[in-house]
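Here is what each chain is made of, one letter per residue.
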Amino acid sequence: MRWLQGAAALWALFAPLSHAVVDDPAKDAAPYHREFVLFRSANMASPDKLSSGIGFHSFRIPAVVRTSTGRILAFAEGRRHTNEDFGDINLVYKRTKTTNNHGADPDDWEGLKEVVGSGSGTWGNPTPVVDGDTIYLFMSWNGGAYSQNGNNKLPDGSVTKKIDTSWAGRRHLYLTRSTDDGKTWSKPEDVTKELTPDGWAWDAVGPGIGIKLTTGELVVPAQRRNIIGRGTPGNRTWSLQMLPGGGSEGTIAQTPDGKLYRNDRPGGDGDYRRVARGTLTSFGAFADDTGLPDPRCEGSVLFYNQADDGPARTIFMNSASKDSRRHMRVRISYDKDAKKWNYGRELSDAPVSGAGYEGGYSSMCKTADFKIGALVESDFYNDKGGGNSYRAIIWRRFNLSWILHGPRN
Ligand SMILES: *[C@@H]1O[C@H](CO)[C@@H](O)[C@H](O)[C@H]1NC(C)=O
Ligand SMILES: *[C@@H]1O[C@H](CO)[C@@H](O)[C@H](O)[C@H]1NC(C)=O
């Protein structure tokens, strides 16, 4: 039955094209991609340090936005002494040097800066949202003596307590803002009482990005809720929209149909992204999107454009695997409601030299020169596949055409 095998092979070769329900004109443009390490940990050559000289054992949990000027702000957790989720963690960031270099080359970025890092506590989960000339940045915080599971050893030999519902022991939500394009940040304000339900112990905002709706409101994804900002740019009143069944790490987009789209990390032993759709006033139930396998990790979603200059597009990135964080893939949906993901490309098609294993948390923005800019976690410490040893964060830029020339969907 050799001919049958041949037919099957032929079919396999052309099968991805059968998903091409939309003939995207962007495919005809020249594919572009460029990628390099943006956050370099202490064990790498030319590690990133604050101007105070402080360097970091590892960088994790990226978030990236383009401001109203076109400048790009890349945020991360700078973990001082270990790669763990607890202990002394600072909220750090980098800006592009100008408003029009789009972060294309390593030299286009300023040195490492800090939003906040005071004390031995755990500052993290950067979740910025651009609001005209104001950039709001939500963060999670907990005291340095606590961790999510408790009983973790700290560098000084002490052991953490488990996060609890007390004021000292719970996770807090903080908000800071910049009105000078990310150069400086206001003193972070504790908004736990207003924007976290009473009685919660663990909490997480984002991590990733908040969005501005076409109707002007801001929506910031957080554990089992959205944080809604009403009012005018730079002068927002915040409130909660509870989302029963929502995940601990959620992403948000406004799909081309104008609806809100939550795409959350699987909980428990789930294998797929958890998706729900709604509006500011009502939300549907969460359900598995069986087209989007996920190894119980964070992912990122980006509304790219309405159907004005081509088909409407939504972009999604995660590790497309049920059991490994090392299969980073970026996908495009042309559906009004991002139901089906028509094309995709594995990031490993454009490897970063010496980068060890790439994969884990990610964040995306649309750059002012119509590229997708993405931050992706990577592992320079133990590139033999050992888990839980993230060190560095890669910056990638690619255009739609690069995705559309990928071999797989
Ligand atoms: C992709 O990038 C190249 C190089 O910048 C550019 O010429 C091309 O128009 C881009 N295509 C799309 C679809 O953005
Ligand atoms: C902010 O908005 C409130 C109403 O929501 C208004 O009373 C106040 O004057 C505004 N402040 C500024 C600086 O615009």
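This is a predicted model, so every value here is computed, not measured. (Residues numbered from 1 in each chain as written. Chains lettered and ligands numbered in written order. Predicted model: local features only at pLDDT ≥ 70, side-chain atom pairs only at ≥ 80, totals over all residues. Heavy atoms only, no water.)

Novice: What should I look at first to understand the overall build of the protein in this one?
Specialist: Secondary structure assignment for the protein yields 3 helices and 26 strands. Against the 2.2 N^0.38 benchmark of 22 Å for 409 residues, the protein shows a C-alpha radius of gyration of 21 Å, consistent with a compact globule. Across its three principal directions, the C-alpha atoms of the protein cover 70 × 50 × 45 Å. Burial status across the protein gives 57% buried among its 409 residues. Long-range contacts, defined here as pairs at least 24 residues apart, represent 57% of the contacts in the protein between residues at least 6 apart. Accessible area for the protein stands at about 16,600 Å²; split by element, carbon and sulfur atoms hold 50% of it. Charge-centre separation for the protein: the mean point of 52 positive side chains lies 1 Å from the mean point of 47 negative side chains. (Helix = DSSP H or I, 4+ residues; strand = E, 2+ residues; numbered from the N terminus. Rg over C-alpha atoms; globule rule 2.2 N^0.38 Å. Buried < 20%, exposed > 50% of the residue type's maximum accessible area, 1.4 Å probe, protein only. Contact = heavy atoms within 4.5 Å. Areas by Shrake-Rupley, 256 points an atom, 1.4 Å probe, with all protein chains shown as cover. Lys, Arg positive; Asp, Glu negative; His and termini not counted. Charge placed at Lys NZ, Arg CZ, Asp CG, Glu CD.)

Novice: Help me understand the packing of aromatic side chains, please; the structure alone is not making it clear to me.
Specialist: Describing an aromatic ring pair means giving the distance of the ring centres and the angle of the ring planes. Here the structure, examined in full by the defined rule, presents 14 aromatic pairs. Residues phenylalanine 39 and phenylalanine 59 carry aromatic rings whose centres are separated by 5.5 Å and whose planes lie at 50 degrees to one another, so their mutual orientation is tilted. Highlighted residues: phenylalanine 39 in strand β1 (residues 33-39) and phenylalanine 59 in strand β2 (residues 58-66), separated in sequence by 20 residues. The burial state of phenylalanine 39 is the same as that of phenylalanine 59; both residues are buried. Centroid distance phenylalanine 398 to tryptophan 402: 5.3 Å. Interplanar angle 45 degrees. Geometry classified as tilted. Each of the two residues, phenylalanine 398 as well as tryptophan 402, counts as buried. An aromatic cluster is defined as three or more aromatic residues linked by ring pairs; in this entry it consists of Phe39, Phe56 and Phe59. Above the face of the tyrosine 361 ring, arginine 60 is positioned so that its terminal group lies 4.9 Å from the ring centre. (Phe/Tyr/Trp six-rings, centres within 6.5 Å; stacked < 30°, edge-to-face > 60°. Lys NZ or Arg CZ within 6 Å of the ring centre and 35° of its normal.)

Novice: In this structure, what is going on with the sheet that holds strand β22 (residues 328-333)? I would like to understand it.
Specialist: Strands belonging to one sheet form pairs held by backbone hydrogen bonds; the direction of such a pair is parallel or antiparallel. Taken together, the 4 strands give an open sheet; going across it, the order is β20-β21-β22-β23, and neighbouring strands pair in antiparallel fashion. Bordering the open sheet on either side are β20 (300-305) and β23 (343-346), each of which pairs with just one other strand. Each strand axis lies, on average, 20 degrees off the axis of its neighbour in the sheet, ignoring direction. As paired elements, strand β21 (residues 313-319) and β22 share 6 bridges and run antiparallel to each other. Note that in β22 the partner of asparagine 318 across the bridge is arginine 329. (Pairing = 2+ DSSP bridges. Axes fitted to C-alpha atoms, helices over the stretch in contact; angles between N-to-C directions.)

Novice: I tried to follow the state of the cysteines on my own but got confused; where do I start?
Specialist: Across all of its chains, the model carries 0 disulfides by this definition. Between cysteine 297, a free cysteine, and cysteine 365, which holds the nearest cysteine sulfur, the sulfur-to-sulfur gap is 19 Å. For cysteine 297, a relative accessible area of 1% corresponds to the buried category. A relative accessible area of 3% places cysteine 365 in the buried class. (Disulfide = S-S within 2.5 Å.)

Novice: I keep staring at the site of ligand 1 and nothing clicks. Help me out?
Specialist: Neighbouring ligand 1 are the residues Ala26, Ala29, Ala30, Tyr32, Phe370, Lys371 and Asn399. Residue alanine 30 places a main-chain N or O atom 3.5 Å away from an oxygen atom belonging to ligand 1. Asparagine 399 places a polar side-chain atom, nitrogen or oxygen, 2.2 Å from an oxygen atom of ligand 1. Burial of ligand 1 by the surrounding chains reaches 61%, relative to a free accessible area of 360 Å². Taken together, the residues that form the shell around ligand 1 break down as 5 nonpolar, 1 polar and 1 charged. (Near = heavy atom within 4 Å. Polar contact = N/O pair within 3.5 Å; in protein donor to acceptor, adjacent residues only side chain to side chain. Nonpolar A, V, L, I, M, F, W, Y, C, P; charged D, E, K, R; others polar.)

Novice: Before we go on, may I ask you to explain the environment of serine 166 in this structure?
Specialist: Along the polypeptide, serine 166 turns up in the loop between β9 (161-162) and β10 (172-178). Take serine 166: its relative accessible area is 31%, and that puts it in the partly exposed class. Taking the C-alpha atoms as reference, serine 166 lies 8.9 Å from tryptophan 200; in sequence the two are 34 residues apart.

Novice: Just to check I follow, could you spell out the layout of surface pockets for this structure?
Specialist: Leftover empty space is mapped by rolling, across the atoms, a probe with the size of a water molecule. Put simply, the largest pocket is a space of about 860 Å³. Taken together, 40 residues form the lining of the largest pocket, with Asp85, Gln148, Glu249, Arg265 and Tyr361 sitting closest to its centre. Breaking the lining of the largest pocket down by element, the ones donating at least two residues are β2, β3 (72-79), β6 (122-131) and β8 (146-147). Here the element with the most residues in the lining of the largest pocket is β6; it accounts for 3 residues. (1 Å grid on protein atoms, 1.4 Å probe; cavity = no way out; pocket = protein on both sides within 12 Å on 5 of 7 lines; lining within 4 Å. Points joined across faces, edges and corners; volume = space filled by probe spheres on them.)

Novice: So what exactly am I meant to see when it comes to the nonpolar core here?
Specialist: Nonpolar side chains in soluble globular proteins tend to end up buried together. Among the nonpolar cores identified, the biggest contains 21 residues, and Ile315, Met317, Val330, Leu347, Met364, Ile372 and Phe398 are the most heavily contacted of them. If you list the elements that add at least two residues to this core, you get β20, β21, β22, β25 (372-379) and α3 (400-404). Residue contributions to this core peak at 4 residues, all from α3. Ignoring anything within four residues of it in the chain, the contact list for leucine 347 reads Met317, Met328, Val330, Glu358, Val376, Arg396, Phe398 and Trp402. (Core = buried A, V, L, I, M, F, W, Y, C linked by side-chain atoms within 4.5 Å.)

Novice: Honestly, the pattern of salt bridges in this entry has me stumped. Any pointers?
Specialist: A side chain with one charge can pair with a side chain of the opposite charge if their charged atoms come near. Enumeration over the complete set of coordinates arrives at 27 salt bridges. The closest approach of N and O atoms between arginine 79 and aspartate 85, which form a salt bridge, is 3.0 Å. Residue classification places arginine 79 among the buried residues on the basis of a relative accessible area of 2%. A single salt-bridge network, built from bridges that share partners, covers Arg60, Glu77, Arg79, Asp85 and Glu377. (Salt bridge = Lys/Arg side-chain N within 4 Å of Asp/Glu carboxyl O.)

Novice: Just checking my understanding: could you explain empty space enclosed by the protein for this structure?
Specialist: If you walk through the whole model with that rule in mind, you get 2 cavities of 30 Å³ or more. Residue lining of the largest cavity: Arg79, Arg80, His81, Thr82, Glu84, Phe86, Gly87, Asp88, Ile89 and Pro155, and that is the complete set. Looking at the lining of the largest cavity, its residues break down into 3 nonpolar, 3 polar and 4 charged. Size it by volume and the second largest cavity reaches roughly 50 Å³. Secondary structure elements with two or more residues in the lining of the second largest cavity: β16 (250-254) and β20. Here the lining of the second largest cavity gets 3 residues from one element, more than from any other, and that element is β16.

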